[in-house]
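Each chain, written out:
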Amino acid sequence: MADLLAGLQLAIEVAFVLLTLAAGIDWLHHRDSRRSHLALAFGSLTALILMAPAIGRVGALNQALTDIAVVVLLLSGYALLMFRASFIPFRPTTLSAIRFAISAVAVLAFAAQLPPTSQAPHSTLQATAVVAVLVTWGLCLVEPIVRLLRASAHRPAVESARLRALSLGYAALLAEVAAASISGSTARHPYFVLATDLITLAIVPLLYVSFSPPTLLRWLWRQPEEDAFRNGLHDLLLFSPDRATLAHRALGWATRLVGGGGALIIDPDGSILAARDLTEEQALEVAGGATVFRPKTAVRVGRGPASRVVIPLLLQKGEGMMVILSGPFTPLFGDDEALRLRQYASSIAAGLDRVSMNERIATLEKAKTEFLNVASHELRGPMTVIKGYLTMLQAGSLGELSKESKHVLPLLIAKADEVNWMVEQMVEAARLEEGRLALKKMPADLVELTDLAIEGVSQLLSKHELSVDKPARAVQAEVDPDRFQIVVRNLLSNAVKYSPAGARIKVRVSGNGLARVAVTDEGIGIAEEDQARLFRRFVRIETKTTERVSGSGLGLWLSREIARMHDGDLTVESTLGRGSTFTLQLPLNA
Ligand code: ADP
């Protein structure tokens, strides 16, 4: 047993020395006061552990060693208190009172000339001094233990686990000392010593992970939060309607990620895109400071509660910035948090660029719709006049025409019809875009309406061989007759445009279960990969054969929208080089 205890004692000493070394190296790397306090707290505990066996065994130096041990003990408590103060600073008066109280207790201990061991008889003054030293040390530990535990509640997962590990480590240490103090001679029982030694040894890894947790542990701690974060990021990147909303949501996650107290995103021109948990004045002040500074990589600026992290945001239109301010609990930033923040910033930058692009596209789309609206209305009037006069010329009501003029007139009328048809599509498309396309539905016979539509484009069909397959009975459906004809005329005019002169075009009307109007041509056909795109606005399939065919790319989009407004659909079946069938389906009238 004695060997085991001696071995354990050695292990404890080695473990604490290593812990102090690790904390010291960590401080040398980062050189901030918070880490120096932690290194001092661990270092003084280690010094005490190393000193303990010598106390009472060095003859004349006993008193000096006891006094030094008291100072080191109080120092370990004070250092922990200072570490805690770097999260929630004390008021200057409180800090002075603490320093005064600790010094006073140390002076009392010196004056009382404490005996080196607890077994030696104590005078009243000495007993008072021992109690004062232990209570002061205890309070120096209890306050941070409770504070840090409470502070861990609303912090990012890694930081929260680190704070809890530190609290737990110190709580165990305190419990151990308290148990030893109140258990008197039992404290020297080998099993008691064994138990406390094992606990002391277990405290070391707890304290270690509080300032330098291994990557795997960080990863494990972060897992529960990771899913929520991933979903949150996904939502904010995909569903933010504009840059300001995206930036605002992004800041919410950024502060949650590192436990910041406020945050803002600054555009490349220096204007504030979004701010969170900051007054307007604070935001302006922070933005002003950051724009002067403009770091190239994520950096931490300032100290204590005024510290902030500035991360560059590489946007398409220049370099913006994201600034996260520390809150009342200054975040314990590790490399891990800084790395996460940098990765996060690049996702946010990509998201912001996507939204700006969408905003630009939306503006262009709007401009296109406005253009459609204006152009179609401006063209409509003159075209009516042109078509009117051409018809009058053809009818001979404006006098006899020369043979040559008569010859070109049908072509002029066909071209005027083509332009009129395009204008009609543009007017309808603009209405649809602006939500003004209201259907005037009524019960109608689709066979009859199809005949009317064919008649409307008879000029166009003159060079093709048309066959119409229709049922003898009427096919009744609730439709807007004009819009229905627009769809059928569009399908017929496409069949003409995209098949050679003389080819067959078949129209088939049926009413079995659903009303169907199918238009089949023997034209150029459409490649499978292009078929889904056809129905989008302004989409035209550009090939050698289609480049000379005029069109707006609006017809099929408009036709499918009209079909869907009737609770129906427009579909295509096509083989490249063989021909296509477009089928309009509508619900039958019950
Ligand atoms: P457009 O005014 O260009 O004809 P549409 O929206 O009516 O616009 O058609 C979109 C594109 O679909 C056309 O540019 C053409 O490439 C293709 N397309 C439409 N109908 C046919 C068809 N019957 N045969 C082959 N390609 C077609």
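Residues numbered from 1 in each chain as written. Predicted model: local features only at pLDDT ≥ 70, side-chain atom pairs only at ≥ 80, totals over all residues. Heavy atoms only, no water.

> Mind showing me how you'd approach the side chain of D353 here?
Among the structural elements, D353 can be located in helix α11 (residues 335-395). Within the buried set, D353 has no salt-bridge partner at all; the shortest N-O distance to an opposite charge, 6.0 Å, is to R243. The residues touching D353, leaving out its near neighbours within four places in the chain, are L314, L315 and Q316. (Helix = DSSP H or I, 4+ residues; strand = E, 2+ residues; numbered from the N terminus. Buried < 20%, exposed > 50% of the residue type's maximum accessible area, 1.4 Å probe, protein only. Lys, Arg positive; Asp, Glu negative; His and termini not counted. Salt bridge = Lys/Arg side-chain N within 4 Å of Asp/Glu carboxyl O. Contact = heavy atoms within 4.5 Å.)

> Whenever I open this one, the site of the ligand confuses me. Can you help?
Taken together, 20 residues lie near the ligand, and N494, D521, R540, S552 and L556 sit nearest. Here R540 contributes a side-chain N or O atom positioned 2.4 Å from an oxygen atom of the ligand. In the model, an oxygen atom of the ligand is placed 3.1 Å from a nitrogen or oxygen of the G553 main chain. Notes on the ligand: free accessible area 520 Å², of which the protein chains cover 98%. Put simply, the parts of the chain that give the shell around the ligand at least two residues each are α15 (481-497), α17 (555-565) and β12 (579-587). With three residues, α15 is the largest single contributor of residues to the shell around the ligand. In terms of residue class, the shell around the ligand is made up of nine nonpolar, eight polar and three charged. (Near = heavy atom within 4 Å. Polar contact = N/O pair within 3.5 Å; in protein donor to acceptor, adjacent residues only side chain to side chain. Areas by Shrake-Rupley, 256 points an atom, 1.4 Å probe, with all protein chains shown as cover. Nonpolar A, V, L, I, M, F, W, Y, C, P; charged D, E, K, R; others polar.)

> Explain a nonpolar patch on the surface to me, please; I cannot follow it from the model alone.
Residues L10, V14, V17, L18, L21, I25 and L50 make up a contiguous nonpolar surface patch of about 620 Å² in total accessible area. When residues of the nonpolar patch are assigned to their parent elements, the largest contribution, six residues, is made by helix α1 (residues 2-30). On the accessibility criterion, V14 (44% relative accessible area) is partly exposed. (Patch = residues over 30% accessible without salt bridge, like charges linked within 9 Å, V, L, I, M, F, W, Y side chains within 5 Å.)

> Is there a simple way to think about the environment of P587 in this case?
Along the chain, P587 falls in strand β12. Taking the relative accessible area as the measure of exposure, P587 reaches 33% and is therefore partly exposed. As a C-alpha pair, P587 and N358 span 229 residues in sequence and 36 Å in three-dimensional space. Sequence-distant contacts of P587, defined by excluding residues within four places in its chain, comprise A477, L514, H566, D567 and G568.

> How should the sheet that holds strand β10 (residues 514-521) be read in this particular structure?
As a general point, the strands of a sheet are linked pairwise by backbone hydrogen bonds and lie either parallel or antiparallel. Strand order across the open sheet formed by five strands is β7-β9-β10-β12-β11, with mixed pairing between neighbours. Either end of the sheet is taken by a strand with one partner, and the two such strands are β7 (465-469) and β11 (569-575). Between one strand and the next, the sheet's axes are offset by a mean angle of 15 degrees, whatever the strand orientation. Two strands pair when backbone bridges link them, and strand β9 (residues 504-510) and β10 are joined in this way by six bridges, in the antiparallel orientation. Residue pairing for β10: I505 is matched across the bridge by D521. (Pairing = 2+ DSSP bridges. Axes fitted to C-alpha atoms, helices over the stretch in contact; angles between N-to-C directions.)

> Looking at this structure, how should I read the packing of aromatic side chains?
For any pair of aromatic rings, the description rests on two quantities: the centre-to-centre distance and the angle between the ring planes. Following the criterion strictly, the structure yields three aromatic pairs and no others. Ring geometry for F229 against W253: centres 5.5 Å apart, planes inclined by 65 degrees, an arrangement best described as edge-to-face. One end of the pair, F229, is in helix α8 (residues 215-239); the other, W253, is in helix α9 (residues 243-258), and 24 residues separate them in sequence. A single burial state applies to F229 and to W253, both of which are buried. For the ring pair F535 and F582, a centre distance of 6.5 Å and an interplane angle of 70 degrees mean the geometry is edge-to-face. Here F582 lies in strand β12 and F535 lies in the loop between α16 (528-531) and α17, a separation of 47 residues in the sequence. Among the residues examined, F535 registers a relative accessible area of 8% and is labelled buried. (Phe/Tyr/Trp six-rings, centres within 6.5 Å; stacked < 30°, edge-to-face > 60°.)

> Explain the nonpolar core to me, please; I cannot follow it from the model alone.
Within the largest apolar cluster, 55 residues are counted, with the highest numbers of intra-cluster contacts made by F42, L166 and Y170. Examining the composition of this core, we find that 13 residues originate from one element, helix α3 (residues 62-85), more than from any other. Filtering out sequence-adjacent residues up to four positions away, Y170 remains in contact with A41, F42, L45, L80, L141, I145 and L207. (Core = buried A, V, L, I, M, F, W, Y, C linked by side-chain atoms within 4.5 Å.)

> Just checking my understanding: could you explain the sheet that holds strand β5 (residues 318-326) for this structure?
Read from one edge of the open sheet, five strands run β2-β1-β5-β4-β3, paired in antiparallel fashion. Two strands in the sheet have a free side with no partner beyond their single neighbour: β2 (272-276) and β3 (299-301). Averaged over neighbouring strand pairs, the angle between their axes works out to 20 degrees when direction is ignored. Across the sheet, α9 lies against β1 (260-266), β2, β4 (308-315) and β5, angled at about 40 degrees from β2, the strand it touches most. In the packing of helix α10 (residues 280-293) onto the sheet, the strands contacted are β1, β2, β3, β4 and β5, and the crossing angle to β1 comes to about 60 degrees.

> Honestly, the pattern of salt bridges in this entry has me stumped. Any pointers?
It is possible for side chains bearing opposite charge to pair when their charged atoms get close. All told, the structure shown has 23 salt bridges when counted by the stated rule. In this structure, E370 and K366 form a salt bridge, with 3.7 Å as the shortest nitrogen-oxygen distance. With E370 and K366 both in helix α11, this residue pair falls four residues apart, about one helical turn. We classify K366 as exposed; its relative accessible area is 54%. Several salt bridges share partner residues, and in doing so they unite E365, K368, E433 and R537 into one network.

By themselves these figures say nothing about function.
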